[in-house]
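So the chains spell out like this:
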Amino acid sequence: MNVLYVEDNKINAIVMDRMLSKDTSNTVIIAQNAIQALKLVTRQPILDLILVDINLGVDQMDGCELLQKLRRLDITTGIPVFAVTAYAMPGDAKRFKKVGFDQYFAKPVNFEKLFQSIDKIKLKK
Amino acid sequence: MAFTVSEFEILAEKTLLFLMVIDKDGKLITMNQRCETIFPFSKKEARGKSIIAFLIDEDASVMRQTLSSLTEENSKQNIRFRFVTKDKALVSLKIDFVLNTQVIYITGIDTTEEDKEHASLITLSKLTKTGAWHFNPKTEELYWSKECYHLHNLDTSIPITRAKGASYYPESSRAHVEHYLDTLITTKNPYEYTEKITTENGTEKWVKVIGNPVLHDDEVVFVNGTIADITERHLDVEKLKSNEETKHLALKGIRSGLFDHHIEENEVFYSHDFRKMLGLPLDIDFMPEETFRTMIHPDDAEDALKRHYENLEKDGNHYLNHYRLKHLEGGYRHYEVYGYRKKNEENKTTRMIGNLIDIHQKKINEKTIAENKNKLEAIVNNGFVYTILVDTKGVILMADQNSLDIIKHDYDVNPIETECRFIDVMPVNFKNIFAHGFNRACQGELVRKEVERVTHKGAVQWLEVKYTPIVDTTKIISTVLLSFHDITERKLAELATKEAHIRAHELNDIKSNILSNLSHEIRTPLNGIMTISDLLLHEDQPSERKKLLKYLEESKDRLLMTINNLSNFSESETIKEYLNYSNTDMNYCVETSYRAYRHIANTKKLQYDLKLDESCPTAHIDSDIFSTALNNIIHNAIKYTPKGSITIAVFTKPSKPKNIYITVEDTGIGIQKKNISKIFDPFVQESFGLSRKYEGTGIGLSLSKKYIEILGGRIKIKSKVKKGTVFTITIPALL
């Protein structure tokens, strides 16, 4: 399963890669910002899941804007997009769902739940 | 048997009769002693004296005529002659004349007293146009005095009968006139009536007839009466009546009545309306004034009477009085009297014609108006700050003193004296809002508006203006009441509340943002730490473990910095107590901070420069907290500058040798003007919420400001959005 993870914090990106890569059938592609993510999406047509951080750094497109751009692309049609963010105040989960994310994961990430969600996607295939 | 001579002599002398023997020329042959009382000579000197010379002129010719017309067959009786005595007294004698063998025998009786009475009666009768009559019911004989004849233009020589008397009345009233007399005879009650008659020569007259019974053995043996010509008066009455009618029509609805007061006769004629108004009997035209007086309210009687007499005596012809009169429905009502007085030659009022007007309603209205006016004035001057009453054209009818003062002050107009529209005496900026409210009020709507007014002293006054349409009895809007309520306090409180609310809301937002930021800043490194811990548990390869441990260290450092900033801030108050002042080389101090961030700046590929001033004096500061302050600013500049340059400089100004300036200039995103003052608030970052793109708690800058101020310096910011920001730290130099 091919997963695109959009994350500006290097350590968080690396540790996500390590965690998901425990399942050897998974391939994690990292994008450090939204622009990179959009480029990667067009180059890598076989994506099964996109994980998006919200705060993507100074003067950069944030996760919500990126989601809207992704939704407009034909290529990403049907690919689930999850928000993975340190914004975890009451109401944040609802807000991100409203923006259009399929699922929301607060940092620190509960990997048990994330894996369950990934398993469900796999089952659908 | 005849008298003897001596008997006759005595009789002739002792009698009260005046006895004379004269010739045909009126010259005395002889007379008795009694005649000496009228002639200025004695009985002995009488022979040859003419009696005609002692008669008044009027009677002298009558005497001559009488003497010449005497014949032996035709004697004359009961002729009255008036003699002038030596002391100029007038003596009336009723004389019988007898002619016998060329000698005239005169028998006279003194009627002076009766004549006087008679003469005055006749005069009275003539003057009052009143005749006397009497009637004997037994014999049906009717006697008329001369005036009665005159009244009927009938020759006195014609004998009068009851039938003849009745014939002067029109056929329609003849029967009941006769009935009056018959009734009197049976009931023995006097009567009185006023009727019209047609006299011998066809003139129509109004007469007032009075009949009084004379009783004997409780039976009417005689009826004495008078008949008076009241045509003039009656016509006056009629005229009044017709005037009354005209007036009544003209003044339909006004309650008034006419009266005609004959002062000499002490009789007042009251018009029909008058009597109706006061509840007087309708069948009596005339009434004594006293009756009327009893109807005046006891409290008013004295004053009214005083005014009445003053009125009668004053110059001119007018009459004016007022009083309350008893009303037929009970209670008293207010009346006013307007009159016209008729005077005689002696300037004495003999007659007064007047109009009595019921002004009760007017009085009550006046009272109500006065009361309402007082009430209104009380409301106007106490209830509201300003109150103005305008008509539907917007013209000011009434206004409270405050409003009048303002209008007078601002426009030099007194709306009570000069007609003026409210819209013309208000500030231009009110005109529109006023016109709108006023027009709606004129359509019957109760309108409320708030306006802000600046007084001439410059104070702000908030007013709530209420436009109240006032409807008259016909439900038409006649006026609009504008009441101004001072709501300045309320308004200011409202504004303060609003501001406080906004502030509270803002604070709340800031609080959520702070929490959100803190949470984000803690969760981000925590995510690394937790995930790495998990990975380490299952990682056996030493090289990998080493890598992971390095990542763990970085995440831990970041978390620690956040926590330190937080605690630094909360501890800043206690820091003051542990300051460690020393003479510090500012160039060295700033360069140290510059170097500390060079690595980060290089990573972001920013131009990163330092400009030092070798001539810069030292400063007496705690270099640790100065460095913390400057570091935060440098870190901040790098954080918010995606590309371009960061320049850090130390310099002095010759004009201000006491200061050392340290500037941090970037080409970053800049700060919006409205937010410049906020950036030093603890926990506030310039951009909030989801659009926040920069990491950090936001505590940094506020901490920097606090530290620099502790050291006796200041921080200033100049910024332009998308161009960059300059932070200038001023530190006092050690001189």
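Novice: Give me the lowdown on the overall build of chain B, citing residues and values where you can.
Specialist: On a plain count of helices and strands, chain B comes out with 19 helices and 28 strands. Considering chain B as a whole, with its 735 residues, one finds that 27% of them fall into the buried category. Of the contacts made within chain B by residues no fewer than 6 positions apart, 50% connect residues no fewer than 24 positions apart.

Novice: Help me get a handle on the nonpolar core, residues and values and all.
Specialist: Leu 4, Val 6, Leu 51, Val 52, Phe 82 and Ala 83 of chain A are the most contacted members of the largest nonpolar core, which has 39 residues in total. Put simply, the parts of the chain that give this core at least two residues each are strand E1 (2–6), helix H1 (10–21), helix H2 (34–43), strand E3 (49–52), helix H3 (63–72) and strand E4 (81–85) of chain A together with helix H14 (488–538) and helix H15 (542–575) of chain B. Top contributing element to this core by residue count: H1 of chain A, with 5 residues. Once you skip the residues sitting within four places of it in the chain, Val 52 of chain A turns out to touch Val 6, Gly 63, Leu 66, Leu 67, Val 81, Ala 83 and Val 84 of chain A. Formed by 34 residues, the second largest nonpolar core is a distinct cluster that contains Ala 619, Ile 638, Tyr 640 and Tyr 661 of chain B.

Novice: Explain the interface of chain A and chain B to me, and be specific about the residues and the numbers.
Specialist: Tallying the contact residues gives 22 residues for chain A and 22 residues for chain B. Considering each element in turn, the side of chain A that touches chain B owes the most residues, 6 residues, to H1 of chain A. Among the residues making up the side of chain A that touches chain B, the classes are represented as 13 nonpolar, 5 polar and 4 charged.

Novice: Now, about the sheet that holds strand E8 (residues 191–198) of chain B: what can you tell me, with residues and values included?
Specialist: Residues and elements named next belong to chain B. Read across the sheet, 5 strands follow the order E7-E6-E10-E9-E8 without closing on themselves; strand pairing throughout is antiparallel. Of all strands in the sheet, those bounded by a partner on one side alone are strand E7 (141–144) and E8. Going across the sheet, the axis of each strand differs from the next one's by a mean of 25°, ignoring polarity. Bridge count for strand E9 (residues 204–216) against strand E10 (residues 219–229) is 10 bridges, and the pairing is antiparallel. Counterpart to Val 209 in the pairing with E10 is Ile 227. The strands that helix H6 (residues 171–187) touches are E8, E9 and E10; relative to E8, the one it contacts most, it runs at about 150°.

Novice: An account of the pairing of strand E4 (residues 90–100) of chain B is requested, with residue identities and associated values reported.
Specialist: Residue and element names in this part refer to chain B. Where strand E3 (residues 76–84) and E4 come together, 7 bridges link them in antiparallel fashion. By the bridge assignment, Arg 82 is partnered in E4 with Ser 92. Count of turn residues in the E3/E4 antiparallel hairpin: 5 residues, of which Lys 88 carries a positive phi of about 60°. Counting the residues that bridge the hairpin from E4 to strand E5 (residues 103–110) gives 2 residues, and of these Thr 101 lies at a positive phi of roughly 45°.

Novice: Quick one: what's the story with the environment of His 409 of chain B, residue by residue and with numbers?
Specialist: Residues and elements named next belong to chain B. Within the secondary structure, His 409 is located in helix H12 (residues 401–411). Judged by the 9 C-beta atoms lying within 10 Å of it, His 409 is exposed. Separated by 47 residues in the primary sequence, His 409 and His 456 have C-alpha atoms spaced 9.2 Å apart.

Novice: Can you lay out unusual backbone geometry for me, pointing to particular residues and giving the numbers?
Specialist: The omega angle of the peptide bond from Lys 107 of chain A to Pro 108 of chain A is -5°, so this bond is cis rather than trans. Along the polypeptide, Pro 108 of chain A turns up in the loop between strand E5 (103–106) and helix H5 (111–124). The phi torsion at Asn 78 of chain B lies on the positive side, around 55°, for a residue other than glycine. Among the residues examined, Asn 78 of chain B registers 9 C-beta atoms within 10 Å and is labelled exposed.

Novice: Which residues make up the packing of helix H16 (residues 586–603) of chain B against helix H17 (residues 623–639) of chain B, and what are the values?
Specialist: Residues and elements named next belong to chain B. Following both chains from N to C, one finds H16 and H17 inclined at 35°, their axes separated by 9 Å at the closest point. H17 is crossed by H16, and the crossing has right-handed handedness. Across from Cys 589, Val 590, Thr 592, Ser 593, Ala 596, Tyr 597, Ile 600 and Ala 601 in H16, the residues of H17 making contact are Ser 623, Phe 626, Ser 627, Leu 630, Asn 631, Ile 634, His 635 and Ile 638.

Novice: With reference to specific residues and values, describe the confidence of the model for chain B.
Specialist: Residue and element names in this part refer to chain B. Mean pLDDT for chain B: 82, with 92% of residues reaching 70 or above. Within chain B, the element-level pLDDT minimum falls on helix H7 (residues 231–250), averaging 66, and the maximum on strand E23 (residues 607–611), averaging 95. Every residue in residues 686–695 scores below 50 in pLDDT, and together they form 22 contacts with partners more than four places removed in sequence or on other chains. The complex prediction reports pTM at 0.37, with the ipTM value standing at 0.85.

Novice: Can you break down the sheet that holds strand E2 (residues 27–31) of chain A residue by residue, with the values?
Specialist: Residues and elements named next belong to chain A. One open sheet holds the 5 strands; their spatial order is E2-E1-E3-E4-E5, and the pairing between them is parallel. Each edge of the open sheet carries a strand with a single partner, namely E2 and E5. Here the average twist between neighbouring strands, direction ignored, is 20°. Against the sheet, H2 touches E1 and E2, its axis set at about 160° to E1.

Novice: Before we move on, could you go through H3 of chain A and cite the residues and values that matter?
Specialist: Residue and element names in this part refer to chain A. Considered for burial, the residues of H3 that qualify are Gly 63, Leu 66, Leu 67 and Leu 70. Seen from one end, H3 has its buried residues packed into an arc of 105°, which puts them on one side. When the buried face of H3 is taken as reference, the exposed residues oriented beyond 90 degrees from it are Gln 68 and Arg 72. Looking at the packing, one finds that the buried side of H3 touches E1, H2, E3, E4 and helix H4 (92–99).

About the cut-offs
- Residues numbered from 1 in each chain as written.
- Chains lettered and ligands numbered in written order.
- Predicted model: local features only at pLDDT ≥ 70, side-chain atom pairs only at ≥ 80, totals over all residues.
- Helix = DSSP H or I, 4+ residues; strand = E, 2+ residues; numbered from the N terminus.
- Buried ≥ 20, exposed ≤ 12 C-beta atoms within 10 Å, placed from the backbone.
- Contact = placed C-beta atoms within 7 Å.
- Core = buried A, V, L, I, M, F, W, Y, C linked by C-beta atoms within 7 Å.
- Nonpolar A, V, L, I, M, F, W, Y, C, P; charged D, E, K, R; others polar.
- Pairing = 2+ DSSP bridges.
- Axes fitted to C-alpha atoms, helices over the stretch in contact; angles between N-to-C directions.
- Left-handed = near helix turned anticlockwise from the far one by under 90°.
- pLDDT = per-residue confidence, 0-100.
- Arc of directions from axis to C-beta.

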